[in-house]
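# Structure assessment
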Amino acid sequence: MTKSIQLIMVSLFLGIGGVTVTAQSSLTLEASHNITNFSFVDSDGNKDFTYNTDYSGGYALGYRYDLENGLYFPGKIGMRQSGATYVLDGTNYWWRLRYSEMRLGVGYKYDLGRFGVHLSTMGYISYLLKATQRKNNEFFDIKELGKIKEMDFGFFISPGVHFTINEYIGVYTDLNFMRGLRNIEKDVNQKSYNYLFGGTLGLTFTIK
């Protein structure tokens, strides 16, 4: 019985060792246009739907590892802005948050010749570089005032399409949904979470 198990284990090892997985590495460069907002919950636990969207952008440099079976593993570092607007009793409020960000994730692509479709999900962790609040015509640095947390984390879900120009260069576009999972308020009686919808246009450069 022991010899049979040993033979099976050796056979599995040899079989796995004989499998060759073709992989490809590439660098990515991208820019995004985003529609951002806050998901806000007040001290009574009521969700406030009166916050309005703001428009901002972002950019990132990345590395992607593609397997022959369609799976790929993207990683990115970059900058992203988020924010929202709000009107209360005739007073106009505006927030703009600027983050440096790192993302890691997994995706799957399906190629149709030079065209293809893909879907990825990525976790992110970001550090707040600057946070500005405008109240009518007055500006406040709310990071310096200690009103907002410096770290945020959450996830992206991004379906998209891609096109291979030649063996070295490709282009892609994504539709992005992002949801922050950390309350960015320092006030323990209130909760605010980042979220966005956006679009990305990017280039891939194959590493040979």
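The structure this text deals with has already been given above.
Residues numbered from 1 in each chain as written. Predicted model: local features only at pLDDT ≥ 70, side-chain atom pairs only at ≥ 80, totals over all residues. Heavy atoms only, no water.

## Focus on the overall build of the protein
Each helix and strand in the protein was counted, giving 1 helix and 10 strands. N-terminal to C-terminal, the α/β element order of the protein is α-β-β-β-β-β-β-β-β-β-β. Within the protein, counting contacts between residues at least 6 apart in sequence, those at least 24 apart form 65% of the total. A total accessible area of about 12500 Å² is found for the protein, and carbon and sulfur atoms account for 62% of it. (Helix = DSSP H or I, 4+ residues; strand = E, 2+ residues; numbered from the N terminus. Contact = heavy atoms within 4.5 Å. Areas by Shrake-Rupley, 256 points an atom, 1.4 Å probe, with all protein chains shown as cover.)

## Some thoughts on unusual backbone geometry
Look at Asp89: it is not a glycine, yet its phi comes out positive at around 50°. Examined against the element boundaries, Asp89 turns out to sit in the loop between β4 (71-88) and β5 (91-112). By relative accessible area, Asp89 is classed as exposed at 75%. One non-glycine residue, Asn136, lies in positive phi territory at about 55°. Mapped onto the elements, Asn136 comes out in the loop between β6 (115-135) and β7 (138-141). (Buried < 20%, exposed > 50% of the residue type's maximum accessible area, 1.4 Å probe, protein only.)

## Here we look at the side chain of Ser82
One can find Ser82 in strand β4. Those residues in contact with Ser82 that sit more than four places away from it in its chain are Thr36, Ser56, Trp95, Arg96, Leu97, Tyr99 and Asn194.

## A word on the layout of surface pockets
Quantified by volume, the largest pocket comes out at close to 480 Å³. Trp95, Gln133, Lys147, Glu185 and Gln190 are, among the 22 residues lining the largest pocket, the residues nearest its centre. Mapped by element, the contributors of at least two residues to the lining of the largest pocket are β1 (23-41), β4 and β5. Broken down by element, the residue count for the lining of the largest pocket peaks at 3 residues, all from β5. Around the second largest pocket sit 18 residues that line it, and Gln24, Arg64, Lys109, Thr164 and Thr204 are the ones nearest its centre. Those elements that place two or more of their residues in the lining of the second largest pocket are β1, β3 (54-67), β5, β8 (151-164), β9 (169-180) and β10 (191-207). Ranked by residues supplied to the lining of the second largest pocket, first place goes to β9 with 4 residues. The class makeup of the residues in the lining of the second largest pocket is 5 nonpolar, 8 polar and 5 charged. (1 Å grid on protein atoms, 1.4 Å probe; cavity = no way out; pocket = protein on both sides within 12 Å on 5 of 7 lines; lining within 4 Å. Points joined across faces, edges and corners; volume = space filled by probe spheres on them. Nonpolar A, V, L, I, M, F, W, Y, C, P; charged D, E, K, R; others polar.)

## Observations regarding the pattern of salt bridges
Per the stated rule, a full pass over the model turns up 6 salt bridges. Here Arg64 and Asp66 are joined by a salt bridge, their closest N and O atoms 3.0 Å apart. The pair formed by Arg64 and Asp66 is uniform in burial state, with each residue classed as buried. Across the pair Arg80 and Glu101 runs a salt bridge whose closest N-O atoms are separated by 2.6 Å. Placement of the pair is Arg80 in strand β4 and Glu101 in strand β5, with a sequence separation of 21 residues. The same class applies to Arg80 as to Glu101, namely buried. Residues participating in the shared-partner salt-bridge network are Arg64, Asp66 and Lys109. (Salt bridge = Lys/Arg side-chain N within 4 Å of Asp/Glu carboxyl O.)

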